[in-house]
Amino acid sequence: IKSYRAIKDKTKPPAEQQLCQDRFFCPQCASYLWAHSEEWKDWIYPYASAIDTPMKPPPATASIMLSSAAEWADPRKQPRRAEMNKMFDEYPDFSLEMWHKEHGEFV
């Protein structure tokens with residue numbers, strides 16, 4: 001496993017750039033595996049494609065940051081995805097933990 005410390009905003013001059021989360025990846029194929037931030041020491045955020053455990057489909061979904069969604073990826077324009085999908089222009093007022101607890105999926 002290798003890691004990379006991400007830069008929060010690369011548009012700033014190098015002297016003003018801040019480092020944020022560590023991103024962990026496979027050194028052989030470069031697959032992104034998970035992220036970790038010192039700001040939230042108790043949490044690890046796995047990349048969805050790195051989870052190889054069979055999982056049931058979610059009971060509902062949430063699409064966030066739709067105000068900046070690409071035209072081709074906007075679920076509001078795809079009726080089949082709109083069912084059981086809460087949609088938010090920015091970040092919602094609930095966390096991933098709260099969503100999982102609400103839907104009986106918290107482990």
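What counts, and where the lines are drawn
Residues numbered from 1 in each chain as written. Predicted model: local features only at pLDDT ≥ 70, side-chain atom pairs only at ≥ 80, totals over all residues. Heavy atoms only, no water. Salt bridge = Lys/Arg side-chain N within 4 Å of Asp/Glu carboxyl O. Helix = DSSP H or I, 4+ residues; strand = E, 2+ residues; numbered from the N terminus. Buried < 20%, exposed > 50% of the residue type's maximum accessible area, 1.4 Å probe, protein only. Contact = heavy atoms within 4.5 Å. Pairing = 2+ DSSP bridges. Patch = residues over 30% accessible without salt bridge, like charges linked within 9 Å, V, L, I, M, F, W, Y side chains within 5 Å. Areas by Shrake-Rupley, 256 points an atom, 1.4 Å probe, with all protein chains shown as cover.

Caption draft 1: Representation of the pattern of salt bridges. Going through the model one piece at a time under the given rule, you end up with six salt bridges. A salt bridge links Asp89 to Arg76; the shortest N-O distance between them is 3.2 Å. Placement of Asp89 in the loop between β6 (85-87) and α2 (96-102) and of Arg76 in the loop between β5 (61-63) and α1 (79-82) is noted, with a sequence separation of 13 residues between them. By relative accessible area, which is 41% here, Arg76 ends up partly exposed. When the shortest N-O distance is used, the salt bridge between Lys101 and Glu97 registers 2.8 Å. Of this pair, Lys101 and Glu97 both sit in helix α2, separated by four residues, roughly a single helical turn. Under the relative-accessibility criterion, Lys101 is labelled partly exposed at 47%. The exposure class of Glu97 is partly exposed, given its relative accessible area of 26%. One continuous salt-bridge network, built from bridges that share partners, spans Asp74, Arg76 and Asp89.

Caption draft 2: Quick look at the side chain of Asp22. Structurally, Asp22 can be placed in strand β2 (residues 19-25). Among residues more than four places away in sequence, those in contact with Asp22 are Tyr4, Arg5, Trp34, Ala35 and His36.

Caption draft 3: Region of interest: the environment of Lys86. If you trace the backbone, Lys86 turns up in strand β6. Among the residues examined, Lys86 registers a relative accessible area of 40% and is labelled partly exposed. Sequence separation of Lys86 and Leu19 is 67 residues, and the distance between their C-alpha atoms is 32 Å. Not counting the four nearest positions on each side in its chain, Lys86 is found in contact with Thr61, Ala62, Ser63 and Glu102.

Caption draft 4: Up close: the pairing of strand β3 (residues 32-36). One ladder, built from four bridges, connects β2 with β3; its direction is antiparallel. Paired with Arg23 across the strands is Ala35, a residue of β3. The pairing of β3 with strand β4 (residues 45-46) spans two bridges and is antiparallel. Residue Trp34 lies in a different strand from β4, and its bridge partner there is Pro46.

Caption draft 5: Local environment of a nonpolar patch on the surface. On the surface, Trp40, Trp43, Tyr45 and Leu96 cluster together into a nonpolar patch covering about 450 Å² of accessible area. Within the secondary structure layout, Trp40 lies in the loop between β3 and β4.

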